[in-house]
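Observations on the three-dimensional arrangement
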Amino acid sequence: MNKERKESIFSRYNATRRNRTLPVLKTDKDLEAEELARFSLDLPSFQVTEEPENTIMSSDVTTNECNTDDDQPILHQSIKPPIRKKRLEESTIVARHSIGFDVPGAVHTIITPKLRTERQIDSKLVVIMVGLPARGKSYIVKKLRRYLNWLQYNTKVFNVGNLRRENEALHQYDQSADFFDPNNKDGNKIRDELAIKVLERLIEWLRSGGRVAIHDATNSTIQRRQLLIDRLSKEPDIKVLILESVCTDKMVLERNFRLKLSGPDYKDMNPAKALSDFRHRVANYEKAYDSVGDWEEEHDIQYCKLVNVGKKVIAYNISGYLSGQCVFYLMNFNLAERQIFVTRHGESEDNLLGRIGGDAPLSGKGRRFSRALSRFVRQRRIAFALDLAKRKIQEESEAKDPLKDSDDESQEEEHKDAKVRATAEAINNSQFTIWTSMLKRSMQTAEAFDPDEYDIKHIRFLNEINSGSREGMTYEEIKAQYPTEFKARQENKLFYRYPGIGGESYIDVIHRLQSMIIELERMSQSCLIITHRVVLRILLGYLLEWSQTQMPHMLVPIHTVYELRPKPYGVELTSWYYDEDDDDFKELKGDSPQS
């Protein structure tokens, strides 16, 4: 473009600009400066280098805005000196990669050989437990470990008390309540040494491939927590989450105190003497107890405080995907005693043909199973209500007189029986939820339940694994037509994804069931879940803490019902099978389902 043409264009533009609000025309130099500015915001560091001397020479027009009202073009032309085109030296760009949002089987991060040596932010997490004895720390860490392992994050608990009991060198010391007195300097020194020793084991485990490690101890003073955090600060790839458990419910505390009497510290001791010693131990901890809060905030350390197992939750400075997952989960569970029944749907017409997937209705046998299931659940609800009522009344009696013999013949039996019946009736009349998938065979299995009596929900998350283009086939047909695929799935069922539109893997089903697990932990009422084989394996894998190698291969036969009762120390399981001849359920003897 010649000189006269350029002047004409800029003259018309600037004349128009005085009458309307238009942007100032930017030159190549302006745009180049803005581009470099954007790079400087996006990248931690960069370096600009010049091209060789034979770079092409160029000239350009620059514009400057002037505060004038005359009609002359606001244009100043100048010939720029030689410009050497600039470029970013790629070798100097420092990329900070994070695997914080790392969902096994659902998120894949591209890591080059060069980036393998770089620091990976939020790649490991250490949870430091804090709390007085009998405040539910071990209960919380077991549930947290179970949940994270179920999500396929390799998680392990490191308990300081176990090392204390195992350490032969400690046998020369009296480990009664006096050992935990804050004025006992030798005891304090030994306990600090044990805490650090456990921490070193924990760090070594994380280095060898672990993802989340939990330091399970009282860690009840600022000095102890600072000792642990100072050591962890030397590990650049480890984030720390402090988790404090506070309990103010006297009945829960009394129950926890009595559970401690059956623990390793008091297993061979007189119950009354053991309870007295344990109360003395707790009192010693209380003398020097520093609750989590001000000190952690001053040092910008993320923490979560649970009061009465999640009734109240205080979170501070939570950052990172794993820490967020932990806090979210801990906000959604409770100590309510309840029944959880899980089963597959009744036999379907496709089951008779051995076909996978599909949406076939129930067979005649499947409908009989449905009716028997309704009767069975009602019977088990009544038995559970009676058992729970007896224990509640017993706990109330013990709370009034902790050392009173539970078999004391002086109790008013008639009054007690009447109270048990009234309590059982109230429990039995409480809400009971039924969840099914949205497939016919699952919904039809719940048809024998009265919707006026039960809260029945059909949920798509509970649908069977989608077999993609293999829907409606038998395993024999898949093996014959696609032998390579069949073998690949047998070798790695957890991560194998069926080909075709919508095809899923076990990992995919785990992720879509995550919201169901959270809801299952959140709700306090009993429930029945009617679903399918793969989904049932995954649910039982969570509830019974099966390993990732066990879970995809466990036998969960059709017309089998698993009754689970969450407890402070774990989950109680009873298995039942449907006897078609008697049209009733009978208890399966032995352990949990076999592979």
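Scope of this entry: the structure provided in the associated data block.

How each quantity is defined
Residues numbered from 1 in each chain as written. Predicted model: local features only at pLDDT ≥ 70, side-chain atom pairs only at ≥ 80, totals over all residues. Heavy atoms only, no water. Helix = DSSP H or I, 4+ residues; strand = E, 2+ residues; numbered from the N terminus. Axes fitted to C-alpha atoms, helices over the stretch in contact; angles between N-to-C directions. Parallel < 35°, antiparallel > 145°, perpendicular 65-115°, else oblique. Contact = heavy atoms within 4.5 Å. Nonpolar A, V, L, I, M, F, W, Y, C, P; charged D, E, K, R; others polar. 1 Å grid on protein atoms, 1.4 Å probe; cavity = no way out; pocket = protein on both sides within 12 Å on 5 of 7 lines; lining within 4 Å. Points joined across faces, edges and corners; volume = space filled by probe spheres on them. Pairing = 2+ DSSP bridges.

**Section: unusual backbone geometry**
A positive phi angle, close to 60 degrees, is found at Asn317, a residue other than glycine. Following the sequence through the fold, Asn317 ends up in the loop between strand E8 (312–316) and helix H10 (321–330).

**Topic: the packing of helix H3 (residues 137–150) against helix H18 (residues 533–543)**
Relative orientation and spacing of two packed helices are given, respectively, by the angle between their axes and the distance between those axes. It is at 9 Å that the axes of H3 and H18 come closest, and there the two elements cross at 150 degrees. It follows from the interaxial angle that H3 and H18 lie roughly antiparallel. Note on element contacts: H18 touches H3 through Ile538, Gly541, Tyr542 and Leu543, opposite Arg146, Tyr147 and Trp150. Split by residue class, the contact of H3 with H18 holds five nonpolar, one polar and one charged.

**Considering the layout of surface pockets**
Looking at the second largest pocket, its volume works out to about 390 Å³. Lining the second largest pocket we find 23 residues, and of these Arg344, Asn351, Ile356, Tyr475 and Arg533 sit closest to its centre. When residues of the lining of the second largest pocket are traced back to their parent elements, those giving at least two are helix H11 (349–353) and H18. At three residues, H18 tops the list of elements feeding residues into the lining of the second largest pocket.

**Let's talk about the sheet that holds strand E11 (residues 455–458)**
If you trace the seven strands from one edge of the open sheet to the other, you get E11-E10-E12-E9-E13-E14-E15, paired in mixed fashion. With one partner strand each, in any of the chains shown, E11 and strand E15 (584–588) form the two edges of the open sheet. Between one strand and the next, the sheet's axes are offset by a mean angle of 20 degrees, whatever the strand orientation. As paired strands, strand E10 (residues 432–436) and strand E12 (residues 526–531) are joined by five bridges and run parallel to one another.

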